[in-house]
Structure formats: C-alpha cells, structure tokens
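# An overview of the molecular structure
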Amino acid sequence: MEKAAGGPAVGGSYPQKNAEILSSQYGINLFLAGLLLTFAWAVHAVGISKSHLLSYLITLMLIQLLWMLWYLCRSCTQRRLIRDKDTHAGARWLKCGITLFAVITLILDSFKIGYYIDFSNCLSPTEGIFPVTHAIHTILQVYFLWCHAKDVIQSFKTLERFGVIHSVFTNLLLWTNGVLTESKHQLNEHKERLITLGFGNITIVLDDHAPQCNCTTTTLCSIFSQGIYYLYPFNIEYHILASTMLYVLWKNIGRKVEHHQQNKTPFKFHGITVGMIFGLIVLTSTIAIVVVYLIQIGGSKIKSELALTMFYLHAIFVLALMCTAGIVALLIYRLEDRSLDNSKNPARKLDAELLVGTAAGSWLLSWGSILAIICAQAHPKYTWYNLPYSVLVIVEKYIQNLFIIESIHREQEKVNDDIKTLRIVTVSRGSTLSLTPLYKEIYNGRATHDTREVPCLFKGSICGREDDGAGVAKEETSQDENLVMHSASDFSFYSRNSDTNNKRRILKNIAAFLFLCNLSLWIPPAFGCRPEYDNGLEEIVFGFEPWIIVVNLAMPFSIFYRMHSAASLFEVNCKT
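Residues numbered from 1 in each chain as written. Predicted model: local features only at pLDDT ≥ 70, side-chain atom pairs only at ≥ 80, totals over all residues. Heavy atoms only, no water.

Looking at an unreviewed UniProt entry, one finds the protein chain named OTOP1 protein and attributed to Calyptomena viridis. As stated in UniProt under Subcellular location (unreviewed entry), the record for the protein chain gives "Cell membrane". Check the Sequence similarities (unreviewed entry) section of the UniProt entry for the protein chain; it says "Belongs to the otopetrin family." (UniProt positions renumbered as here; feature names shortened; annotations may be inferred.)

See the structure below:
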C-alpha cells in the first residue's frame, strides 16, 4: 500500500488513476450482479429465492462494516495528525437529513424483526438476520459519515478507493431492493383506486410474496405489514443520500486541497420579505391541497376526479410562477458582467450533476404522461390538465437547473481596488477636513448625507488634501468649484451601487421564493399524493405493473431533486 509522503513521483499519478478505474469497475460489477439477482427474484426465476438475494446483501453490508471499523480504528490512532478536509463536502443539512432518514430506517428494521418473529415458522432465517445487520450497518454508517465525510484520504489510497466504492454500490443495491419491494406493494393499493375511477379493465397478476403460513398474533402482524410499506420511502431516501456522500469521499481520495479560509455567508431574512411571503403562501396552499387530496381520492369517482383536477390546477399555477421567477433571475445574470469560478470542486460538481441526474426522474414521468395522453383512445376530462402540468414540470426543472448551476459557479462580487484604497474626505463649511463615514457604509449606500458634509469620491486622483501640521486654508470659491466638479462622479457611483443592490435584492427574493416552492413540491409525493398512480391513463397505455415499477424507480429521484434543489437555493440565497 502506498503511503502519502512529500511530493508525488514523476509517474505517481498513473497508479492512482489505475486504482480509480479498477475500483469503479469493481463497484459497477458488484452492482450489476446484485441488480440481476434482484430481478431474478422479482420474476420468480428458477432456483433463485429471496434468501439468496438477502444473503448477497448481508455479505456486502458485512464487508462494508469491516472496512468502516478498520478506517475508524486507524483514524483514532492517527487523530493527532493534521488531516486535509474538503470544506464543501458533507454539508450540515445533508448530515441532518441523513440522520432523520436513518432514524426512521431503524424503525423500519424493528418492524421487519417483529414481522419475522410472527411468521418465523415459514420464513427463511435470512429474513431475520437481514434487518439486524441492516440496523447495525445504518448506525455505524451514519456515525462514519458525520465524522469523516469531509476527509481527503492521503494514505492507503488504493485500499480506501475499493472500500469507499464498495460502500457506494452497497447503498445503491439496498436502495434498489427497497424500491422493488415498495413497487410490488403499490400493485394492490392503487388498483383499488383505479377501479373507483372506472378503470375496471386493468388486469394484473398480484404478487406480494406473502408468507405461506398463519401469523402468531394477528393484530401485530397487521401493524408490522402495513407500517413497513409506509416507512420504505424514508429508507429509500436514506440510501440515496448515503451514496452521494460516499461518492464525494471517493472522488476526494488523493486530491490536493488548497488551504484557504472558507468565507461563511450567514442566512439573513433582511431584504427577502416579498419572496418569503409568496413562498409561504404557496407552502400553505400546498399543504391544504395535499390534505384534501388524500381525503377525497378513492372515495368515489366524482371525488377522485375533483381531487385530481384540483391538484393539477394548483401545480400548474405554482410551476408557472417558478418558471417566471427563474427566467427573471437568468435575465439579471445576463445583464451582469461576472466571471465563473472554474476551480476544481468535487462537491460542487456533484451538486450540478445531481440536479440534472435526479431531474431525469421527473422528466421520465412527464414524457410518459404526455405519450399516454397522445396515444390513449379515451380521455377523461381531468387528464387534459395533466398535459400542461407535465410540460411545465419539464420546463421548470430546465430553467431552475440553469439558475442554480450558474449561481453556485459565479464568483462572489469583489470590490474595486481603487474604491477600497480610497481616502474619502469632506470639505466642511469651517474650512477644515474630516473623514467621512466608513467606506463600508458608503459602498452599501448607507452613508448619511448631512447638509454640512458632502462626500467627495474620485478615481485615481486626489479630491482633498490633508495637512500633517496646521490645516491648509482654502478660499470659498475653490471649495465650491471642487464640490461642483465631483458631484457628477458622486451621483454616478451611488447610481451604480443602487442598481447593484436592487439586482441582489431581486435575486435573493427569487432564491427565497424558489426555496419554499421546492419544499412545497416535495411534500405531495413524500406524503403519498402521487397523481402519476391515480389518474389511470398511463396504466391503460403502458400496462399497470410496468408503469408502477417505472414510477417507483423515478419517484425517489424526483423527491430527492426537490430536497437537493431547496438546499442549493438556500446556499444561493446566502451567497447572493
């Protein structure tokens, strides 16, 4: 194993590049093998059972546990050494989010353990071992990410690359297993809703892999079996977040970090009142729509159609506002002459890739809905609202991605050096010279204008002179000429500063508004308001089970996109 030392050799980068390629190929093959095993279990392939799939996943988790324990022990022995850190990786919001989802995942594991105990007579021992192993894996992984997500590994780099990439694809396989299990559960639940809407011609073969024996305690079995599927969305989000954090850690291995002080930009409510008010209105109305939707859907055909129509009209209005806000922000950027920060930053690069990658989930669903509307023979009235909704989902994400990606790559505004070094003086009526308010106050447009003091701004020349000894007497006529000469430049400076502040204020309000809108659009799918399941048109065109699987594969990306966008917009608001 190579140890980090001094400067790298002439050909030192080649072994590291090879290690990166080899480890990535190892991870991909690990994932593909598990993916095919999952698919074989889902279609009841000959000789493949659920115990084989769970055994594979347990083995992967145990290997990751051994690697994390080794890494933690080695870190404890070297804790006095100064380690490189990537200050952009492992943001606090990401750690808090993954902790919340991990806690709910532990509740899910406890339900699975209880479910296994009740059906222990006819279930494989692996179904009891799996949730126990997964709970231990979850606790240790969250602790590992809290303590070491920012690490830039410089020793045992080849071994660490394989260990980290193994962890990335282990979490992706656990995510895949959760998505498939939840999609199978949706086959029964949403068929009843579609029958209520009048789609009685949908025929599918139900397959929930139910155990072939009676439960020892009926009440507990019902609680466990139903509760498990309500908790799966949080488990899915947990593994996606873990995969992204571990991937950044993998990309940072062997990286040279520039040691500089990171400027922390605190969040301030000042100046974003308009954006916050409109955003809170959208958030409040969305919560009300979700409550009404969940109450009405599935009650009767008329109530279900009204619920779907109400959801689509509200979503169309919100998405149209978000598109307008995004276009205004992009136009403001076009009017500014600001350079982009192209320095190497794995966390920022991943942020941009995740925005586009996870948006593809919503785009897939939207194009599916558009094709279904075009190809379907019968069109209930409410399905026509689905067309503008699907188009706006595509356009809104396109515009918002452009705005966020450009915002996180824009360099923070720097003050002109001529203005920084300016010595500002004022000429008072008493022919004496005194310093004006601080430069920071004038630059921010907050200088107090007194009738006896007028600031004198200049560029590259001296406006007033200070005498080390006694004050230099000046005639009244000379003072008046100086004031008139510089009044035009003063006005020009304040005008430019005012325009800049107005643009910044507009951008901050747009970022705040989009932040709350993304939180609002995260709520419906996260809490079961999913019209992609309930309108029934896509199931007619594509088939019930295939569409349910597509939705369950794409929906986690869509939910994660809204969370990730909200966090990115929060950062944009702080930097603007």
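A few words now on the overall build of the protein chain. From N to C terminus, the protein chain includes 16 helices and three strands. Counting over 576 residues, the protein chain shows a buried share of 48%. Carbon and sulfur atoms form 64% of the exposed surface of the protein chain, whose accessible area is close to 29,300 Å². (Helix = DSSP H or I, 4+ residues; strand = E, 2+ residues; numbered from the N terminus. Buried < 20%, exposed > 50% of the residue type's maximum accessible area, 1.4 Å probe, protein only. Areas by Shrake-Rupley, 256 points an atom, 1.4 Å probe, with all protein chains shown as cover.)

Let us now look at the nonpolar core. Among the nonpolar cores identified, the biggest contains 52 residues, and I98, F130, F144 and L145 are the most heavily contacted of them. Considering each element in turn, this core owes the most residues, 11 residues, to helix α2 (residues 50-77). Counting only domains with at least three residues in this core, you end up with domain 1 (15-202 + 216-256) and domain 2 (268-411 + 498-575). Aside from chain neighbours lying at most four places away, what touches F144 is W67, M68, Y71, L72, A149, L246 and L249. Residues V282, I289, M322 and Y382 belong to the second largest nonpolar core, which totals 46 residues. (Core = buried A, V, L, I, M, F, W, Y, C linked by side-chain atoms within 4.5 Å. Domains from an automatic or database assignment. Contact = heavy atoms within 4.5 Å.)

A full pass over the atoms with the stated rule returns five salt bridges. For E127, the salt bridge is made with K50, and the minimal N-O distance between the two is 4.0 Å. Of this pair, E127 sits in helix α4 (residues 126-148) while K50 is found in helix α2, placing the two residues 77 residues apart along the sequence. Exposure remark for K50: the relative accessible area of 31% places this residue in the partly exposed category. Among the salt bridges present, the one from E396 reaches R562, with a minimum N-O distance of 3.1 Å. Placement of the pair is E396 in helix α10 (residues 386-409) and R562 in helix α16 (residues 544-575), with a sequence separation of 166 residues. With respect to burial, E396 and R562 carry one shared label: buried. (Salt bridge = Lys/Arg side-chain N within 4 Å of Asp/Glu carboxyl O.)

Attention shifts here to the side chain of D118. Relative to the elements of secondary structure, D118 occurs in helix α3 (residues 92-118). Buried within the structure, D118 lacks any salt-bridge partner; K50 is the closest side chain of opposite charge, at an N-O distance of 15 Å. Aside from chain neighbours lying at most four places away, what touches D118 is N214, C215, T216, T217, L220, C221 and F224. (Lys, Arg positive; Asp, Glu negative; His and termini not counted.)

Time to look at the confidence of the model for the protein chain. Per-residue confidence for the protein chain averages 77 on the pLDDT scale, and 71% of its residues sit at or above 70. In this model residues 1-11 is a low-confidence stretch, pLDDT under 50, and it forms 12 contacts with partners more than four residues away in sequence or in other chains. Within the model, the stretch residues 415-476 combines pLDDT values under 50 with 81 contacts to residues more than four positions away or in other chains. (pLDDT = per-residue confidence, 0-100.)

Turning next to a nonpolar patch on the surface. Side chains of L371, I374, I540, V541 and F542 sit close together on the surface and give an oily, nonpolar patch of about 420 Å² of accessible area. Within the residue set of the nonpolar patch, elements represented by two or more residues are α9 (346-375) and α15 (537-542). Broken down by element, the nonpolar patch gets its largest block of residues, three residues, from α15. Residue placement: V541 occurs in helix α15. (Patch = residues over 30% accessible without salt bridge, like charges linked within 9 Å, V, L, I, M, F, W, Y side chains within 5 Å.)

Glancing now at the environment of L350. Within the secondary structure, L350 is located in helix α9. Put simply, L350 and T244 are 106 residues apart on the chain and 8.2 Å apart in space, counted from C-alpha to C-alpha. Once you skip the residues sitting within four places of it in the chain, L350 turns out to touch T244, Y247 and V248.

Looking now at the packing of aromatic side chains. Taken as a whole and assessed by the stated rule, the structure comprises 17 aromatic pairs. With centroids separated by 6.1 Å and ring planes inclined at 40°, the aromatic side chains of F101 and F234 adopt a geometry described as tilted. You can see F101 sitting in helix α3 and its partner F234 sitting in helix α6 (residues 218-251), a full 133 residues away along the chain. You can call F234 partly exposed: its relative accessible area is 23%. Judged by centre distance (5.3 Å) and plane angle (70°), the rings of W175 and F557 are edge-to-face. Of this pair, W175 sits in helix α5 (residues 157-196) while F557 sits in helix α16, and the two are 382 residues apart along the sequence. Residue classification places W175 among the buried positions, given a relative accessible area of 9%. Of the residues examined, F557 reaches a relative accessible area of 30% and is grouped as partly exposed. (Phe/Tyr/Trp six-rings, centres within 6.5 Å; stacked < 30°, edge-to-face > 60°.)

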